[in-house]
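Observations on the three-dimensional arrangement
The residues making up each chain are set out below.
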Amino acid sequence: MRRRRIADIEYAQMLLSRYTIAQLRHDGSLDRSAYVVLARLASDGPLSIGELSDLLRLDASTLQRQTTAAMRMGLVDRIPDPDGGPARKFTLTNEGRIRLDATRERSLHALDKILGDWTDDDIDRFAGLLHRFNAAIETYSPGSRKD
């Protein structure tokens, strides 16, 4: 029974991911990869490729392509490390902040409509479980738990 429920979660996660990707491509919004990078820069401040790689669990070459594209679009700048370290870091530009905020607002509006008939308690429970799920994903490392 547990395996079946986990399979149900995997399927629901795939559908959620599919929705999110489609939502973020609508009406000139940021694409998913730009949204993820910009959101992380907004929440954590200037970050190097190595720091982004660790936080997002993506290889440096992938992030190099994504940040180069974001720089070409005027969404991020490279700056010297504010703490004096040797690595250059990425930070949001004003345009990057504006585009991130607009994309996030469209997503929040859509989610508000989708959850329109949910009670506040249902939303609170769902948000709490999603937060717990994502925290577990961020700490998960293949091979560190029994399979």
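Look up: the structure comes first, before these words.
Here we summarise the structure given alongside this text.

1. Some points on the layout of surface pockets
Taking a probe equal in size to a water molecule and rolling it over the atoms shows the remaining empty space. By volume, the largest pocket is sized at about 2,200 Å³. Lining of the largest pocket is provided by 41 residues; of these, Leu-16, Thr-20, Arg-32, Leu-130 and Asn-134 occupy positions nearest its centre. Elements with a minimum of two residues in the lining of the largest pocket: helix H1 (2–24), helix H2 (32–44), helix H3 (49–56), helix H4 (60–72), helix H5 (94–114) and helix H6 (120–139). Of the residues contributing to the lining of the largest pocket, the split by class is 24 nonpolar, ten polar and seven charged.

2. Here we look at the packing of H2 against H3
One can describe the packing of H2 onto H3 by two numbers: an axis separation of 11 Å at closest approach and a directional angle of 105 degrees. Here H2 lies roughly perpendicular to H3, going by the angle between them. Where H2 abuts H3, its residues Val-36, Val-37, Arg-40, Leu-41 and Asp-44 lie against Leu-52, Leu-55 and Leu-56. Considering only residue class, the contact of H2 with H3 consists of six nonpolar, no polar and two charged.

3. Some details on H3
An α-helical segment advances 3.6 residues per turn. Residues three or four places apart therefore align on the same side. The set of residues buried in H3 consists of Ile-49, Leu-52, Ser-53 and Leu-56. Down the axis, H3 shows its buried residues gathered within 105 degrees of arc, on one side only. Summarising the contacts, the buried residues of H3 are in contact with H2, H4 and strand E2 (89–92).

4. Quick look at unusual backbone geometry
Positive phi, close to 55 degrees, is recorded for Arg-57, a residue that is not glycine. Its location among the elements puts Arg-57 in the loop between H3 and H4. Using a relative accessible area of 44% as the deciding quantity, one classes Arg-57 as partly exposed.

About the criteria used
Residues numbered from 1 in each chain as written. Predicted model: local features only at pLDDT ≥ 70, side-chain atom pairs only at ≥ 80, totals over all residues. Heavy atoms only, no water. 1 Å grid on protein atoms, 1.4 Å probe; cavity = no way out; pocket = protein on both sides within 12 Å on 5 of 7 lines; lining within 4 Å. Points joined across faces, edges and corners; volume = space filled by probe spheres on them. Helix = DSSP H or I, 4+ residues; strand = E, 2+ residues; numbered from the N terminus. Nonpolar A, V, L, I, M, F, W, Y, C, P; charged D, E, K, R; others polar. Axes fitted to C-alpha atoms, helices over the stretch in contact; angles between N-to-C directions. Parallel < 35°, antiparallel > 145°, perpendicular 65-115°, else oblique. Contact = heavy atoms within 4.5 Å. Buried < 20%, exposed > 50% of the residue type's maximum accessible area, 1.4 Å probe, protein only. Arc of directions from axis to C-beta.

Note that every value here comes from positions in space, so none of it alone points to a role or purpose.
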